[in-house]
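Listed below, chain by chain, are the residues.
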Amino acid sequence: MSTETPSAGQAAKSPDYPRRGEVEGRDDGPNFSLVQLGPTAGLDRYQVRTRAGTFAGKVFLKELLGLSGTEISCGLLPPRTSFPFYHKHQQNEEVYLFLSGAGNVSVDDRVMEIRQGSVVRLAPDGVRCFRNTSDEPMHYVVIQAKQGSLEQWTGTDGVGVPGEVSWPSA
Ligand code: ZN
């Protein structure tokens, strides 16, 4: 597993934390990038800086993984707290997958219940926020992609590759 020290250029390119050298590890090949973010319970060690301020518990993956069609973030909202601001998007659709905790998502004038296993799609214009009203940490993943950009998916894009599956011994 190789590690990289961020250059000043990389650090200046994006306001998002972490920079490449701040994850627990990474590996890159011609057809992949892999990062070790560490235990999900410790996601609050990552911070993100926005126009609304700096807050902990959010890590964006576009820069870390070199994503070219999506932005993905992993988040951790502590018990009994709210995401700190409303926002919407200019061209990207977002999907929020809630993996633990329970609370509410608000979209424009609607407030809905969310819990582990809730998945919410948001059109760019939807003014959104969410909160964790439970005593558990709320882990969530956000996937962001340009609305209307998907041309192929699942069975129309995936192609089986012949050959028996084999692994090095574990
Ligand atoms: Zn967003």
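Here is what the cut-offs are and how they apply
Residues numbered from 1 in each chain as written. Predicted model: local features only at pLDDT ≥ 70, side-chain atom pairs only at ≥ 80, totals over all residues. Helix = DSSP H or I, 4+ residues; strand = E, 2+ residues; numbered from the N terminus. Buried ≥ 20, exposed ≤ 12 C-beta atoms within 10 Å, placed from the backbone. Contact = placed C-beta atoms within 7 Å. Pairing = 2+ DSSP bridges. Axes fitted to C-alpha atoms, helices over the stretch in contact; angles between N-to-C directions. pLDDT = per-residue confidence, 0-100.

Enquirer: Can you walk me through the overall build of the chain in this structure?
Expert: Within the chain, the regular secondary structure consists of three helices and 13 strands. The burial tally for the chain puts 15% of its 170 residues in the buried class. Contacts in the chain between residues at least 24 apart in sequence constitute 61% of all its contacts with a sequence separation of at least 6.

Enquirer: In this structure, what is going on with the pairing of strand β10 (residues 110–115)? I would like to understand it.
Expert: Regular strands show a simple pattern: their side chains alternate between the two faces of the sheet. Judged from the six bridges that link them, strand β9 (residues 102–107) and β10 form a sheet pairing that is antiparallel. Of the residues in β10, the one forming a bridge with A102 is R115. Count of turn residues in the β9/β10 antiparallel hairpin: two residues, of which D108 carries a positive phi of about 55°.

Enquirer: Help me out: how do you make sense of the sheet that holds strand β13 (residues 138–146) in this one?
Expert: Backbone hydrogen bonds hold the strands of a sheet together, and the pairing may be parallel or antiparallel. Reading across from one edge, β5-β6-β13-β8-β11 is the order of the five strands in this open sheet, with antiparallel pairing throughout. Here the strands that pair on one side only, and so sit at the sheet edges, are β5 (58–60) and β11 (119–122). If you compare each strand with its neighbour and ignore which way they point, the axes differ by 15° on average. Bridging between strand β6 (residues 71–77) and β13 involves seven bridges; their strand directions are antiparallel. Bridge pairing in β13 places I72 opposite I143.

Enquirer: Looking at this model, I keep getting lost on the sheet that holds strand β7 (residues 81–82). Mind explaining?
Expert: In spatial order, the strands read β7-β12-β9-β10; together these four strands make up an open sheet with antiparallel pairing. Two strands in the sheet have a free side with no partner beyond their single neighbour: β7 and β10.

Enquirer: What is the right way to look at the confidence of the model for the chain in this model?
Expert: The predicted coordinates ought not to be read in detail in places where the model reports low pLDDT. In this model, the chain carries a mean pLDDT of 89, and residues with pLDDT of at least 70 account for 88%. Confidence drops under a pLDDT of 50 for residues 1–15, and excluding neighbours within four residues, the segment shows 20 contacts in the predicted structure.

Enquirer: Would you explain unusual backbone geometry in this entry?
Expert: Excluding glycine, a negative phi dihedral is what most residues carry, and trans is how most peptide bonds are arranged. A positive phi angle, close to 55°, is found at R80, a residue other than glycine. Here R80 is to be found in the loop between β6 and β7. Its identity is not glycine, yet D108 carries a phi of approximately 55°, on the positive side. Here D108 shows up in the loop between β9 and β10.

Enquirer: Which parts of the structure should I look at to understand the environment of K62?
Expert: In this structure, K62 sits in helix α2 (residues 62–65). Its 16 C-beta neighbours within 10 Å are what place K62 among the partly exposed residues. In this structure, the C-alpha to C-alpha distance between K62 and S73, residues 11 residues apart in sequence, is 8.2 Å.

Enquirer: Just to check I follow, could you spell out the pairing of strand β12 (residues 128–132) for this structure?
Expert: Of the pairings in the sheet, the one linking β7 to β12 comprises two bridges and is antiparallel in character. Counted as the bridge partner of S82 is R131 from β12. As paired elements, β9 and β12 share five bridges and run antiparallel to each other. From the neighbouring strand, V105 faces β12, where its bridge partner is F130.

Enquirer: It is not clear to me how the environment of G66 should be interpreted in this structure. Could you clarify?
Expert: Along the chain, G66 turns up in the loop between α2 and β6. For G66 and S33, which are 33 residues apart along the polypeptide, the C-alpha to C-alpha distance reads 7.6 Å.

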